[in-house]
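The chain contents come next:
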Amino acid sequence: MAAPIFKNHTLGSALPPFTPHAISVSLPTWADNVGYEEGEKRVADAMVSGYPRFFIHLSIQKLARICEQKFGAPDERSLLCPSKNIADRCRSFILDRASLAGTPTHVRLVQYHICPEDSPLSSSQPTVELHIVLFPTESSPLAKQFWQHTGLGISSRLADYCLSLLPAESPTSPVLSSPTSPRAPFKASNKYYNVKRAPRSPSFGSTFPPCPNPRDVLSDDQSNYLEERYGRNLPVSAGSYAKRALRRRISSVLVRDNWEDCAQGPCAGASDIEVGPSHRGVREVTEDDVYLFSTGMSAIWSAHQLVLGARPPAKSVCFGFSYTDTLKVLQKWGHGCHFLGHGRDSDINALETIIEQELSANPSALPIAALFTEFPSNPLLRSPNIPLLRALADKYDFLLVVDETIGNIVNVDVLQHADIVVSSLSKIFSGDANAMGGSLILNPKRPHYATLKAYMSATYEDTYFDEDAVFMERNSRNFARRIRIIDENTLAVCEFLRSRSISGGTSLPSPAIKEVFYPKYITPENYLSCKLPEGGYGGLFSLTFTSLAASQAFFDNMPFQKGPSLGTNFTLACPYTILAHYSELGWAAEYGVEKGLVRISVGMEEMEGLLEGFKVALSAAEAAM
């Protein structure tokens, strides 16, 4: 195999580079990705960043160790939540899953008020209320599942803010200490829920992770400068304006999307800005039908909770090979899940058979509660037949929940067909890969809207940290223009690669590429049924190869960034199946998600340079045959 000709960013470093709250991490070679999955020491020791639901940010780790030192027993670890409700949910999940596994455990909750007067900073700063879930060390894998599947944990910016309010550690006290350092056991009157305030002048010891390479870490001043200069930051007090602007942008009600800033925050969030009917295909949608969440997965988890709370008990359906945690949410919460992993039109017939069987067994019960699907799917870019699914939903009275992250609102209109639309704002809506967020939209034209709206009004809590919302609002101001550029780039790249693939009918004697998975080529008639007149095919595609050696050579020789996530303004690639399904490769292959699949999110680079880079990678793959 030819050696890579491009020097990638250092293994384990942040992507984008030198970004304090980056949401990706550099895994530049195939071997690095396998090493990450296998817990190889050289990879684990190099990690100073990662995708936030899989790698707990160093600031969150530091804050967690402080909380464990203050409130935990020696054998306890913690997960930090932004609200009591989320902490309760986490506790219930750990207890329920432990009981199912035959290993009962115990979980304690601590409410921790961090007050500005405990710090030398201005007392005008708002108090932070953390909710700490404490559990035995052996229950850590279950807590990790909750963190990963739900996306409900605190953000790294919230952790940084909490740390800024706490008294600084004594200069003479060591940052690192033994995992078995003695500490007084925590005692409180309430077995499950205890309320504590920060003492005024403690010194904290903890078992922090290994210190990263100083070349990869910025000083506080450098971090603040980069956040404010290139993140175009606003005061955190502008959070409410930023959230209102986001809801208006997502609902497409702004008559003119104002990119300027007023004294109180983004002008698009001001009370006097002109709004009109939505341009999203359902004119009746308003900003009040949009709900913001801290991550895309928390929006999906919340959509499932909405289904469970507002509809009679029944299984849900996962239609198509969706992102891994969507299926896990449907399986681990609620009444179970029917999985139709291919997501083809023929599977709709199979779905109707399942529904009829459920009705035959219990005619008075709801056969299924909801169907969850992606448009198009990740990573196979297969578009389900949304109009046909809508007709089935109407016939059997189930909710249709569509994840539009990959298609995005510039390219497709799925809201007109769906009851609920969810999206990860962390992807192309943000683009800068430095902020997390998610959204959920209710369609007011659907018959269950009033019930769903009432449930959301009664249960929704805003745990989206203001500073994250400020960055998301800033990043998203030009999202439509960015998407147009990325659509054009991706189409050109895919046309070139498909011309040299088996699926594209190449005349090459030994082609390296088998298939280019891209909405223009995969179930195109279904994609076109929802494609907007000026819309494109999106910025994501996947490749399969005629040999694993070709996959590895192509990936290793791509002169682009490599790491998890997608929808970045820069081109980003990963060996998707290795990262998402390493422990279940055989199962994934049954649905066409091959071990050697490479997923690529195209960015805004100059098209000529992009094409040259893919030519280099393809030459290496063809040479490896």
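None of the values given here were measured: they were computed from a predicted structure.

What counts, and where the lines are drawn
Residues numbered from 1 in each chain as written. Predicted model: local features only at pLDDT ≥ 70, side-chain atom pairs only at ≥ 80, totals over all residues. Heavy atoms only, no water. Helix = DSSP H or I, 4+ residues; strand = E, 2+ residues; numbered from the N terminus. Buried < 20%, exposed > 50% of the residue type's maximum accessible area, 1.4 Å probe, protein only. Contact = heavy atoms within 4.5 Å. Pairing = 2+ DSSP bridges. Axes fitted to C-alpha atoms, helices over the stretch in contact; angles between N-to-C directions. Salt bridge = Lys/Arg side-chain N within 4 Å of Asp/Glu carboxyl O. Expected span 1.5 Å × (residues − 1).

Colleague: Outline the overall build of the protein, supporting the account with residue identities and numerical values.
Modeller: When helices and strands are tallied, the protein shows 20 helices and 18 strands. Counting over 625 residues, the protein shows a buried share of 58%. For the protein, long-range pairs separated by at least 24 residues make up 75% of all intrachain contacts whose partners lie at least 6 apart in sequence.

Colleague: Break down the sheet that holds strand β9 (residues 337-340) for me, citing the residues and quoting the values.
Modeller: In space, the seven strands of this open sheet follow the order β7-β13-β12-β11-β10-β8-β9, with mixed pairing throughout. The strands lining the two open edges of the sheet, one partner per strand, are β7 (290-293) and β9. Mean inter-strand twist for the sheet, computed between neighbouring axes without regard to direction, equals 20°. Sheet topology note: the strand β12 (residues 420-424)/strand β13 (residues 438-442) ladder contains five bridges and is antiparallel. Across the sheet, residue S423 finds its bridge partner in β13, namely S439. Where helix α9 (residues 296-310) meets the sheet, it contacts β7, β8 (316-319), β10 (370-374), β11 (399-403), β12 and β13, and its direction lies at approximately 160° from that of β12. Contacting β8, β9 and β10, helix α11 (residues 345-361) crosses the sheet at an angle of about 155° to β9.

Colleague: Break down the sheet that holds strand β18 (residues 598-601) for me, citing the residues and quoting the values.
Modeller: To summarise the sheet geometry, strands pair through backbone hydrogen bonds and adopt either a parallel or an antiparallel arrangement. With mixed pairing, five strands are arranged side by side in an open sheet as β14-β15-β18-β17-β16. The sheet is open, and its two edges are formed by β14 (513-517) and β16 (561-562), each paired on a single side. Sitting on the sheet, helix α15 (residues 479-498) touches β14 and β15 (540-545), and the angle it makes with β15 is about 15°.

Colleague: Break down the pattern of salt bridges for me, with residues and values.
Modeller: Applying the stated rule across the entire model yields 26 salt bridges. For E40, the salt bridge is made with R42, and the minimal N-O distance between the two is 2.6 Å. The shortest N-O distance in the salt bridge between E622 and R500 comes to 3.1 Å. Taken together, the residues E622 in helix α20 (residues 607-623) and R500 in the loop between α15 and β14 connect sequence positions 122 residues apart. Owing to a relative accessible area of 26%, R500 belongs among the partly exposed residues under this scheme.

Colleague: Describe helix α3 (residues 58-71), naming the residues involved and giving the relevant values.
Modeller: Its 14 residues give α3 an end-to-end C-alpha distance of 20 Å, which sits within 8% of 20 Å, the value for a rise of 1.5 Å per residue. Counting buried positions along α3 yields eleven of 14 residues, so the element is predominantly enclosed. The complete set of buried residues in α3 reads S59, I60, Q61, L63, A64, R65, I66, C67, E68, K70 and F71.

Colleague: Account for helix α14 (residues 466-476), with residues named and values stated.
Modeller: Counted residue by residue, α14 has ten buried out of eleven residues, so it is predominantly covered. Of the positions making up α14, those classed as buried are E467, D468, A469, V470, F471, M472, E473, R474, N475 and S476.

Colleague: So what's going on with unusual backbone geometry? Which residues, and what values?
Modeller: In the segment running from F375 into P376, the intervening peptide bond is cis, with an omega of -15°. Relative to the helices and strands, P376 is located in the loop between β10 and α12 (386-396). Of note, the amide linkage connecting N378 to P379 takes the cis form, showing an omega dihedral of 20°. Following the sequence through the fold, P379 ends up in the loop between β10 and α12. One non-glycine residue with positive phi stands out, namely F18, at about 55°. Residue position: F18 is located in the loop between β1 (14-15) and β2 (24-25).

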